[in-house]
Amino acid sequence: MQIMAPSAPLKLGSGRPGFKTVLWISLGLTALFVFITSEVLLVADYPMYHAYRLQVIADRHILIPHTLCGVIALLAGPVQFSSRFRQRHLKFHRVLGRSYVISVFIGALTGVALAAGRPGMPGTCVQAAAWVVCTTGALITARNRQIARHRQWMVRSYAVTFTFVSSRVLNLWPLYWSHLGDTLAAVGLIAFTLASLLVAELGLRYASKS
C-alpha cells in the first residue's frame, strides 16, 4: 500500500490520547478474554465445546490459514493506526498494510469455504463481503493518495476484523445465540457485523467534528 504522510490527516482522537489508550487497552483485554474463554477452552476440550472441537479438527486444513490470516489482521491494526509509528517507519507501515490486505482476502475466502454448505453461510458471507469491501476501499484510497479517506476505510475494515473477537465474547453463556443453532448464529453474526460498522461510522463522524 503506497502511503504518504498526510498533510491533513483524519483526527481519530489525536487530540484525546487518553481516549485512544483506553480504547486499545479495552480491545486488547476483550481479545485476551475471548482467547481464554474460547480458544484455550476449545483446546482443553471443554464439554460445551466438544462437538465444535470435532468440527474444528475436521476443518483444520482450511481453518489453519483462516485463523493465521485473522490473527495477522487483528494484530496489525494497532500498529497501523499509530500516527507516530507510521511517520517513523513508513516503509514498514506499507509492508504491514500489504500483509493486512492479503490476510483479509485470504481470511474472507477461507471463511466462506468453511461455511459452505452449512446453515451459517449467509452470516459468514455478509461478514466476508463487508471485510473485503472495506479493505478494498482502504487499498484503493491509499493508492490514490487519499490518506484521510484511506484511514476512514481502515477504521471500517478493522471494525469488521474485530467482529471475529466481539462475536465470541458471550461464548461461555449457554443461551448465547451461537449455541442455539447455525441459523440463529448466522443472524447474530450479521447483527455483530452491521453493529460494528455502525459504531465505526459514528466514531468517524464524531472524530470529524472534534
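Residues numbered from 1 in each chain as written. Predicted model: local features only at pLDDT ≥ 70, side-chain atom pairs only at ≥ 80, totals over all residues. Heavy atoms only, no water.

Asker: Break down the overall build of the protein chain for me, citing the residues and quoting the values.
Answerer: Secondary structure assignment for the protein chain yields 9 helices and 0 strands. For the protein chain, buried positions account for 38% of its 210 residues. Summarising the internal contacts of the protein chain: among those between residues at least 6 apart in sequence, 72% fall at separations of at least 24. A total of about 11,700 Å² of accessible surface is found on the protein chain, and carbon and sulfur atoms cover 70% of it. (Helix = DSSP H or I, 4+ residues; strand = E, 2+ residues; numbered from the N terminus. Buried < 20%, exposed > 50% of the residue type's maximum accessible area, 1.4 Å probe, protein only. Contact = heavy atoms within 4.5 Å. Areas by Shrake-Rupley, 256 points an atom, 1.4 Å probe, with all protein chains shown as cover.)

Asker: Just give me the short version of the confidence of the model for the protein chain, but keep the residues and values in it.
Answerer: Per-residue pLDDT for the protein chain has a mean of 84; in total, 87% of the residues score no lower than 70. Looking at the elements of the protein chain, mean pLDDT is at its lowest for helix H2 (residues 50–58), recorded as 82, and at its highest for helix H6 (residues 121–143), recorded as 95. A low-confidence stretch, residues 1–15 (pLDDT under 50), is modelled with 36 contacts involving residues beyond four sequence positions or located in other chains. (pLDDT = per-residue confidence, 0-100.)

Asker: Describe unusual backbone geometry, and please don't skip the residues or the numbers.
Answerer: Of note in the backbone geometry, Arg-145 takes a positive phi value of approximately 65° without being a glycine. Considering the arrangement of structural elements, one finds Arg-145 in the loop between H6 and helix H7 (147–161).

Asker: Break down the packing of helix H3 (residues 60–80) against helix H5 (residues 90–115) for me, with residues and values.
Answerer: The N-to-C vectors of H3 and H5 enclose an angle of 145°; their axes lie 8 Å apart at closest approach. The interaxial crossing formed by H3 with H5 has left-handed handedness. A class-by-class count of the residues in the contact of H3 with H5 yields 14 nonpolar, 9 polar and no charged. (Axes fitted to C-alpha atoms, helices over the stretch in contact; angles between N-to-C directions. Left-handed = near helix turned anticlockwise from the far one by under 90°. Nonpolar A, V, L, I, M, F, W, Y, C, P; charged D, E, K, R; others polar.)

Asker: Requested: an account of the packing of aromatic side chains, with residues and values cited.
Answerer: This model, assessed by the stated rule, comprises 6 aromatic pairs. Each ring, one from Trp-24 and one from Phe-81, has its centre 6.0 Å from the other, and the planes form 35°; the classification is tilted. Note that Trp-24 is positioned in helix H1 (residues 17–43) and Phe-81 in the loop between H3 and helix H4 (83–88), a separation of 57 residues in sequence. You can call Trp-24 partly exposed: its relative accessible area is 25%. Relative to Phe-162, the ring of Tyr-158 lies with its centre 6.5 Å away and its plane at 40°, an arrangement referred to as tilted. Of the aromatic side chains, those joined through ring pairs into one cluster are Trp-24, Phe-81, Tyr-158 and Phe-162. The ring of Trp-153 has Arg-156 lying over it, and the distance from NZ or CZ to the ring centre is 4.5 Å. (Phe/Tyr/Trp six-rings, centres within 6.5 Å; stacked < 30°, edge-to-face > 60°. Lys NZ or Arg CZ within 6 Å of the ring centre and 35° of its normal.)

Asker: Could you give an account of the nonpolar core, naming the residues involved and the relevant values?
Answerer: With 25 residues, the main nonpolar core has Tyr-100, Trp-131 and Tyr-158 as its most contacted residues. Where this core is concerned, the elements lending two or more residues are H3, H5, H6, H7, helix H8 (163–166) and helix H9 (182–209). Non-local contacts of Tyr-100, meaning those with residues more than four positions away in its chain, are made with Ala-73, Ala-76, Trp-131, Thr-135, Met-154, Ser-157, Tyr-158 and Thr-161. With 5 residues, the next largest nonpolar core counts Tyr-49, Val-56, Leu-63 and Leu-114 among its residues. (Core = buried A, V, L, I, M, F, W, Y, C linked by side-chain atoms within 4.5 Å.)

Asker: Now, about the environment of Val-112: what can you tell me, with residues and values included?
Answerer: Residue placement: Val-112 occurs in helix H5. Note on Val-112: relative accessible area 24%, which makes it partly exposed. For the pair Val-112 and Gln-127, spaced 15 residues apart in sequence, the C-alpha separation works out to 9.3 Å. For Val-112, the residues in contact, after removing those within four places along its chain, are Met-121, Thr-124, Cys-125 and Ala-128.

Asker: How would you sum up the side chain of Gln-127? Please name residues and give values.
Answerer: Along the chain, Gln-127 falls in helix H6. On the basis of relative accessibility, which here comes to 6%, the residue Gln-127 falls in the buried class. Ignoring sequence-local partners within four residues, the contact set of Gln-127 consists of Val-160, Thr-163, Phe-164, Leu-189 and Thr-193.

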